[in-house]
Amino acid sequence: MDELGLLERMRGNWPVLWVNVDGVAHAPTIAEIGRIFGLHRLALEDLGDVQQRPKAEVYDDEHLFITARMARMTPALDLEQMGIFLGSDFVITFQERPGDPLDPVRQRIRQNRGRIRRCGPDYLAYAVLDAIVDNYFPVAEAYADMLDDLEEEVLGTPTRATMGRLHGTRRELMSLRRAVWPMRDAITVLSRDQVPLFTPETLVYLRDTQDHCIQVMDLLESYRELGSSLTDLYLSSVSNRMNEIMKVLTIFAAVFIPLSFISGIFGMNVDHPDPVWWWNLPFAAGVMAGTAALVLLWVASRGWIGGGGRE
Amino acid sequence: MDELGLLERMRGNWPVLWVNVDGVAHAPTIAEIGRIFGLHRLALEDLGDVQQRPKAEVYDDEHLFITARMARMTPALDLEQMGIFLGSDFVITFQERPGDPLDPVRQRIRQNRGRIRRCGPDYLAYAVLDAIVDNYFPVAEAYADMLDDLEEEVLGTPTRATMGRLHGTRRELMSLRRAVWPMRDAITVLSRDQVPLFTPETLVYLRDTQDHCIQVMDLLESYRELGSSLTDLYLSSVSNRMNEIMKVLTIFAAVFIPLSFISGIFGMNVDHPDPVWWWNLPFAAGVMAGTAALVLLWVASRGWIGGGGRE
Amino acid sequence: MDELGLLERMRGNWPVLWVNVDGVAHAPTIAEIGRIFGLHRLALEDLGDVQQRPKAEVYDDEHLFITARMARMTPALDLEQMGIFLGSDFVITFQERPGDPLDPVRQRIRQNRGRIRRCGPDYLAYAVLDAIVDNYFPVAEAYADMLDDLEEEVLGTPTRATMGRLHGTRRELMSLRRAVWPMRDAITVLSRDQVPLFTPETLVYLRDTQDHCIQVMDLLESYRELGSSLTDLYLSSVSNRMNEIMKVLTIFAAVFIPLSFISGIFGMNVDHPDPVWWWNLPFAAGVMAGTAALVLLWVASRGWIGGGGRE
Amino acid sequence: MDELGLLERMRGNWPVLWVNVDGVAHAPTIAEIGRIFGLHRLALEDLGDVQQRPKAEVYDDEHLFITARMARMTPALDLEQMGIFLGSDFVITFQERPGDPLDPVRQRIRQNRGRIRRCGPDYLAYAVLDAIVDNYFPVAEAYADMLDDLEEEVLGTPTRATMGRLHGTRRELMSLRRAVWPMRDAITVLSRDQVPLFTPETLVYLRDTQDHCIQVMDLLESYRELGSSLTDLYLSSVSNRMNEIMKVLTIFAAVFIPLSFISGIFGMNVDHPDPVWWWNLPFAAGVMAGTAALVLLWVASRGWIGGGGRE
Amino acid sequence: MDELGLLERMRGNWPVLWVNVDGVAHAPTIAEIGRIFGLHRLALEDLGDVQQRPKAEVYDDEHLFITARMARMTPALDLEQMGIFLGSDFVITFQERPGDPLDPVRQRIRQNRGRIRRCGPDYLAYAVLDAIVDNYFPVAEAYADMLDDLEEEVLGTPTRATMGRLHGTRRELMSLRRAVWPMRDAITVLSRDQVPLFTPETLVYLRDTQDHCIQVMDLLESYRELGSSLTDLYLSSVSNRMNEIMKVLTIFAAVFIPLSFISGIFGMNVDHPDPVWWWNLPFAAGVMAGTAALVLLWVASRGWIGGGGRE
């Protein structure tokens, strides 16, 4: 709470104040920060709901509230919510969990003495958004790799687990899309000329971020379609494998069932006019060999032998 | 009817009057309420049709009529229609069935002496709409749980009933979507600046409700896609199971049909030059063991043994 | 033709004239009516084409021509075209076939001395459109019932005919959608403020009809999706049934083929060192019983017995 | 080239000049015509590319260039490109191949002395477009017939060729859609009030053509969906047929494999305590008959007999 | 770096300067060029990212930055990024890799002394864009050929590799679509009247390029749908093949299993009242022949013989 008092005193004494709050669970702290900076009650409420849809909302033309969603692979997909308040002299960022996704922005501030120090809070807000959007590219790449692996597996020897993993990947791509899609809408709203908090100079940068956001969407869309195509491929692969199994069964049955029948005939205990010249072993063997050869020839003529190659 | 008379006297004496009517079946009551508050005939007609599509309609710039649809799990999905009339000094809500979905609003009025008491009827109408939309989140969560259970089942040992339940879930998600989609449109219409009944202050709140409504839509859309992906997963699972069954059949057939044939040969009652050194039990047993070993080796080389692991 | 003369004389003497023409095949009659009321040549041509797409067209800001499509179950789906001309003092309706779909409107005129008698031709045109749109609700309900029946069948014991009926239902839903979709567009065009023939008062009513039309569209869309989900369900049901059949085959084969082989061994006519203690019936029976028990145990361990329950 | 000279002299002497050019391969002729009428270089280039996308382009508010695509069944689908230039006093049409698709227009000019002679070149251009669009209706009907035939085949006894034909039909419907879709866009552009070359009177006619074009689109869309539904139907039919085959196999196997086993038992050459009262033919026959009856009863209880009816 | 100095001196002395840079990896060179021509920092950054989404961005109404994607078959699909800067007196093109895709433009400059020499840098930028878009047509044609080959294979004797190739083709079509779609958007933005760098004359040309771009999109869309239809066709083909295999198995089993059983009966070593008149070879042979004939007749009556023709 001391820090909050310090915060109150700092307000107004710096051209741009960046406050980064880790964790959104402690309601009184958030309420106090809201009081200091005059943040809208609805925005503070939305902060607490970590399932918030990414959006941008302007209150009284003076405060801008943006919720975004950061993506990381840790190594599972982790979508963390971030709330950004932009006022005429401050930027406040609320992270759902402590972490360093905004480190690139901090480093830009420390190292690059140029633009980010010279510019106002709108450029800082842009830098935060840009860092969030740029974070999606390595995530998207991770999914591209996953889909490549899955494709290799499906084209090779797919197992039941392959399909499970494919389903899981499709499911996570849906989550990603649900995070990126509204973020694109929010940035589109900002990048039009309607929000007075952004200078025209920053708007050019924001449009670049918007382009990157759309690019992420494009990637996710085509991964989705790829996932759907892989499902088709998997199903056809299972069907092919079934065909192969059935061909083996059919060939075995087609060759040996007639042979068994012939041996059964020669095994009958019936009366037959004795002596029969053909009721002996060599003749029986000959009949069987001939039958087997005929069946195999017929099967081969249908292209069923060497199944791997044909099917 | 006495209550209706009381209602008539109350009208005009309070800055905001909230009338909540349970049940829409008693036409004369509804007609009488319509007369007292000057409600439009079409709106009253729509009240009686409980299959009404959610919508918002302004009559003469003075009355706003909203139909919405409340969702509850009881434990089956229950979509109840609610009609809301908003005038300059009253809010009338018509519930299809008695119940307490507006309890949160009532409690806000009783407890929170702040905003909801100070503000006009437009804020009350917003509060009702907000309560309705917020009710969808636990419902959506219930479907998320259902889909998780179904996913586990499909990845485990799916039965025919799994597919039936999956279909039922998809069907209910369609109903939900059919309820939420037009509600989003109605709120979007209201949250633009075109309806003079809403103050700019309330519009900010209404936009928040609109965001929540879109978020519900997003969730339902991705559940729908998830349901479709689960159907694919189920179908592939059934195919895999078929493959497994066929492999068992094929291995049994491939091993025992040749063996049967060999035993059939040694069972033939044919004349053979006696004594034949190989026409005895040990030799027959050896031939059979060798054949079985060959077939099993070949089958194993195709990766068909230990089917669970490979397929 | 006498009636046409009468018509000509009546024109101008009544504030609103409603002419209902059954059948559109007799070209001269239609041409004559067109001449009397000054209808546009293109509209008259469109009347003759009973496959016309529903639309609304304004000619010279004075005449409005609407084509709509009425749906009935008789008991097959019957989509009849209706042409409606609206002028400043007349409404002319052309039905494709004689029938009574507009009876509700006539009864409203006869009974309800109120609005429909007081109002101008635009309200009459609205009443006709409203009757047409309202006619779709029982039709949509009939399809809901059909889909319910089909769902029950698919979840029970689907036959090949089930799939045929499902396809037929989907096909008719496409026809319905093709009729309702452009009708919605036409009504949307009318319900905006652009057509001077409609008074603002009637526009409120027209927007209600538009809402109903959109509601029909929503229903049809979700029936379409339901039909698609039922197709999935059916296919999975067929696959499940196949699995069941294959399991029976595989169990029979797995149990009896080894037993046959064993009986074949004991049936061999080979020389064996006599007497062999185990070459007798009880021992053979014991071996067979043991084998059968082992196979059955193994099959049961895979969960294949009691197939209905598991699969 | 003489004709071209003649053309040059005719220009300006007639209120409306219609030039119809068969074939677009002879570049110098086209260039010369372009020079005479002042056509834009890009439009002339597009003429030569017979795979041009239908479009409408206005050059300098004075020339309109339309490319359209005519459809005919000859009896295969034949999509011919047509280029139309419209100036203030001329219409030039370029056909890809000689033929008579514009005969209806010519006949309208010759017979109907009315409108088409009185009106300007814009009406002539409309008449050409209208003839092109109307040509799609018989083509669409031909595909409706094809799909009806395919549906009958799929519901009857589908063969592999059925699926091939279905695929071919779907492919041609795609081509048609690719031709009609942009044509609709082009006509929509023209039928708005933006092109000064069209009089308001002709615009009414053009909107009618636009309606027809949308109607063709609707038809093609529903044929596409029908094709997709037929594919589902076909796949389910193949699966059903497979089920039927498997049921026959399973019944044969379930009945005869146990019987074979029993006959194998009675065929064993084992020592058994002689005399055994049940080791005789009538007893063996009784056991077999009993077994067969049991199996058949069990199979019948699953509803597998009379497969055509149940499955 | 000398060349860069030369470049600086050339700037301003020529009405139009076209600089083509091969490779974007050498950052200092790019930075220097950016300094000379006053290019925006963001655009230079985007140049380095070769996965950039095609877009068009105007900076300060003075510079236009376009990223496009060139497609070539070499013979695999190769999508190279190209960056285009357009200023009032220069065009700078950055190719990802050295190559000659802009040769057609260079030849047009060298040969055609006309338009491209007379016009300003906007026409040159158009020419570059046009060359890029036109390059897609042979690529699209290559995919049309691939799909034709695949269709022939699927309708003939599809193998597992067919499905893999089909999947690969669908995947590459997705990449192409992801390249063309945003390019179309970018060109659409340019071809509206909003970019002052383009003269109205050039805009006409740009709209032609836009049409070509949309045409490429149409082609890719229908190839995508074709790929999806081919997948259906392939799956149905695999199912058909399975049916064929199963029919062979079933016929073999249905004919020979009963025969084996009969021979088993005659092979029983049971006591039977001797002499039995029918316990001899000719009678046994007759029973077998009769059984086989009956089964074959029954099978033929189901249309299972001559499977290729029926199925």
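Residues numbered from 1 in each chain as written. Chains lettered and ligands numbered in written order. Predicted model: local features only at pLDDT ≥ 70, side-chain atom pairs only at ≥ 80, totals over all residues. Heavy atoms only, no water.

A.B. asks: Tell me about the overall build of chain A, residues and numbers included.
C.D. replies: Broken down by element type, chain A carries 11 helices and 5 strands. Its C-alpha radius of gyration of 35 Å places chain A more than 25% over the 19 Å reference for a compact globule of 311 residues. Principal-axis analysis of the C-alpha atoms gives chain A an extent of 125 × 35 × 35 Å. Residues classed as buried in chain A amount to 57% of the 311 residues present. Considering only residue pairs separated by 6 or more positions, chain A has 65% of its internal contacts joining residues 24 or more positions apart. Computing the positive centroid from 30 side-chain charges and the negative centroid from 42, chain A places the two 1 Å apart. (Helix = DSSP H or I, 4+ residues; strand = E, 2+ residues; numbered from the N terminus. Rg over C-alpha atoms; globule rule 2.2 N^0.38 Å. Buried < 20%, exposed > 50% of the residue type's maximum accessible area, 1.4 Å probe, protein only. Contact = heavy atoms within 4.5 Å. Lys, Arg positive; Asp, Glu negative; His and termini not counted. Charge placed at Lys NZ, Arg CZ, Asp CG, Glu CD.)

A.B. asks: Give a description of the relation of the copies chain B and chain C that names residues and reports values.
C.D. replies: Overlay of chain B on chain C (RMSD 0.1 Å): rotation 72°, translation along the axis 0.1 Å. Put plainly, the chains are arranged around a five-fold axis. Identified as the residue of chain B closest to the rotation axis by C-alpha distance is Gly-267 of chain B, at 4.8 Å. With a heterologous cut-off of 20% or less, the 20% of interface residues of chain B that recur at the interface of chain C puts this contact in the heterologous class. (Least-squares fit on C-alpha atoms with pLDDT ≥ 70 in both.)

A.B. asks: Requested: an account of the relation of the copies chain B and chain A, with residues and values cited.
C.D. replies: When chain B is fitted to chain A, the residual RMSD is 0.1 Å, and the transformation amounts to a turn of 72° plus an axial shift of 0.0 Å. Little of the interface of chain B is mirrored in chain A: 17% of its interface residues are interface residues there too.

A.B. asks: I'd love a proper account of the environment of Ala-142 of chain E, names of residues and values included.
C.D. replies: Its place among the elements puts Ala-142 of chain E in helix H7 (residues 136-155). In this structure the C-alpha to C-alpha distance between Ala-142 of chain E and Arg-72 of chain E, which are 70 residues apart in sequence, comes to 10.0 Å.

A.B. asks: Explain the interface of chain B and chain C to me, and be specific about the residues and the numbers.
C.D. replies: On the side of chain C, 59 residues touch chain B, which itself brings 50 residues to the contact. A buried area of about 4,900 Å², summed over both sides, lies between chain B and chain C, and 60% of it is on carbon and sulfur atoms. Our enumeration of links across chain B and chain C arrives at 10 salt bridges. Residues Arg-53 of chain B and Asp-218 of chain C are paired through a salt bridge, measuring 2.6 Å at the closest nitrogen-oxygen approach. Broken down by secondary-structure element, the contributors of at least two residues to the side of chain B that touches chain C are helix H3 (41-48), strand S2 (55-59), helix H8 (160-191), helix H9 (200-266) and helix H10 (281-301) of chain B. Ranked by residues supplied to the side of chain B that touches chain C, first place goes to H9 of chain B with 19 residues. When grouped by side-chain class, the residues that make up the side of chain B that touches chain C number 24 nonpolar, 13 polar and 13 charged. (Buried area = accessible area lost by both parts, 1.4 Å probe. Salt bridge = Lys/Arg side-chain N within 4 Å of Asp/Glu carboxyl O. Nonpolar A, V, L, I, M, F, W, Y, C, P; charged D, E, K, R; others polar.)

A.B. asks: For the environment of Ile-265 of chain B, give the residues involved together with the corresponding values.
C.D. replies: Relative to the helices and strands, Ile-265 of chain B resides in helix H9. For the pair Ile-265 of chain B and Val-154 of chain B, spaced 111 residues apart in the sequence, the C-alpha separation amounts to 48 Å. Residues within four places of Ile-265 of chain B in sequence aside, it is in contact with Ser-263 and Met-288 of chain A together with Trp-279 of chain B.

A.B. asks: Lay out the pattern of salt bridges in plain terms, naming residues and giving numbers.
C.D. replies: A full pass over the atoms with the stated rule returns 100 salt bridges over all chains. Across the salt bridge formed by Glu-225 of chain A and Arg-177 of chain E, the nearest N and O atoms sit 2.6 Å from each other. Of the two residues, Glu-225 of chain A is situated in helix H9 (residues 200-266) and Arg-177 of chain E in helix H8 (residues 160-191); the pairing between them involves two chains. Note on Arg-177 of chain E: relative accessible area 15%, which makes it buried. Of the charged contacts in the structure, one is a salt bridge between Glu-80 of chain C and Arg-72 of chain C, with a shortest N-O distance of 2.6 Å. Given the relative accessible area of 0%, Glu-80 of chain C is considered buried. Here the salt bridges share partners, and the residues they tie into one network are Asp-46 and Lys-55 of chain A together with Asp-208 and Asp-211 of chain B.

A.B. asks: Explain the sheet that holds strand S4 (residues 77-86) of chain B to me, and be specific about the residues and the numbers.
C.D. replies: All names here are of chain B. Taken together, the 5 strands give an open sheet; going across it, the order is S1-S5-S4-S3-S2, and neighbouring strands pair in mixed fashion. Strands with a single pairing partner mark the edges of an open sheet, and in this sheet they are strand S1 (17-22) and S2. Going across the sheet, the axis of each strand differs from the next one's by a mean of 20°, ignoring polarity. The sheet contact formed by S4 and strand S5 (residues 90-95) spans 5 bridges and is antiparallel. Counted as the bridge partner of Gly-83 is Phe-94 from S5. Set on the sheet, helix H6 (residues 121-134) makes contact with S1, strand S3 (63-73), S4 and S5; between it and S4 the angle comes to about 170°. Helix H7 (residues 136-155) rests against S3 and S4 of the sheet, and its axis sits at about 35° to S3. (Pairing = 2+ DSSP bridges. Axes fitted to C-alpha atoms, helices over the stretch in contact; angles between N-to-C directions.)

A.B. asks: How would you summarise the pairing of strand S4 (residues 77-86) of chain D if you had to cite specific residues and measurements?
C.D. replies: Residue and element names in this part refer to chain D. In terms of residue burial, S4 counts as a mostly covered element, since 9 of its 10 residues are buried. Inspection of the sheet shows strand S3 (residues 63-73) paired to S4 by 10 bridges, in the antiparallel sense. Bridge pairing links Ile-66 to Ile-84 in S4. In sequence, S3 turns back onto S4 through a hairpin of 3 residues. Turn length for the S4-strand S5 (residues 90-95) hairpin, with the two strands adjacent in sequence and antiparallel, is 3 residues.

A.B. asks: So, the sheet that holds strand S1 (residues 17-22) of chain E: which residues are in play, and what are the values?
C.D. replies: Residues and elements named next belong to chain E. Taken together, 5 strands build an open sheet; the order of strands is S1-S5-S4-S3-S2 and the sheet is mixed. Single-partner strands in this sheet number two, and they are S1 and strand S2 (55-59). Averaged over neighbouring strand pairs, the angle between their axes works out to 20° when direction is ignored.

A.B. asks: Residues and numbers for the interface of chain B and chain A, please.
C.D. replies: At the junction of the two partners, chain B supplies 59 residues and chain A supplies 50 residues. Buried area between chain B and chain A, both sides added, is near 4,900 Å², and the carbon and sulfur share of it is 60%. In this assembly, chain B and chain A are joined by 10 salt bridges. Taken together, the links from chain B to chain A amount to 19 residue pairs in polar contact (both at pLDDT 80 or more). Taken together, the elements giving at least two residues each to the side of chain B that touches chain A come down to H6, H7, H9, H10 and helix H11 (307-310) of chain B. Looking at the side of chain B that touches chain A, the element that brings in the most residues is H9 of chain B, giving 35 residues. When its residues are assigned to classes, the side of chain B that touches chain A shows 28 nonpolar, 17 polar and 14 charged. (Polar contact = N/O pair within 3.5 Å; in protein donor to acceptor, adjacent residues only side chain to side chain.)

A.B. asks: So what's going on with the arrangement of the chains? Residues and values would help.
C.D. replies: With respect to C-alpha atoms, chain A approaches chain D no nearer than 9 Å, and the pair has no contact. With no contact formed, the shortest span from any C-alpha in chain C to any C-alpha in chain E equals 9 Å.

A.B. asks: Pulling in residues and values, what's your account of the packing of aromatic side chains?
C.D. replies: Enumeration over the complete set of coordinates arrives at 48 aromatic pairs over all chains. Look at Phe-65 of chain B and Phe-85 of chain B: their rings are 4.6 Å apart centre to centre, the planes differ by 25°, and that puts the pair in the stacked class. Placement of Phe-65 of chain B in strand S3 and of Phe-85 of chain B in strand S4 is noted, with a sequence separation of 20 residues between them. Considering the side-chain rings of Tyr-123 of chain D and Tyr-126 of chain D, the 5.2 Å spacing of their centres and the 55° angle between planes classify their relative orientation as tilted. With a gap of 3 residues between them, Tyr-123 of chain D and Tyr-126 of chain D both fall in helix H6 (residues 121-134), about one helical turn apart. Take Tyr-126 of chain D: its relative accessible area is 3%, and that puts it in the buried class. In this structure an aromatic cluster arises from ring pairing among Phe-252 and Phe-256 of chain A together with Phe-261 and Trp-298 of chain B. Looking at Arg-184 of chain D, its charged tip hangs above the ring of Trp-181 of chain D, at a distance of 4.8 Å from the centre. (Phe/Tyr/Trp six-rings, centres within 6.5 Å; stacked < 30°, edge-to-face > 60°. Lys NZ or Arg CZ within 6 Å of the ring centre and 35° of its normal.)

A.B. asks: I'd love a proper account of the UniProt feature "transmembrane region" (unreviewed entry) in chain A, names of residues and values included.
C.D. replies: Residue and element names in this part refer to chain A. UniProt marks residues 248-270 and 276-300 with the feature "transmembrane region" (unreviewed entry), using the numbering shown here. Helix makes up 83% of residues 248-270 and strand makes up 0%, while its end C-alpha atoms are separated by 35 Å. Between the C-alpha atoms that bound residues 276-300 there is a distance of 35 Å. The span itself is 80% helix and 0% strand. (UniProt positions renumbered as here; feature names shortened; annotations may be inferred.)

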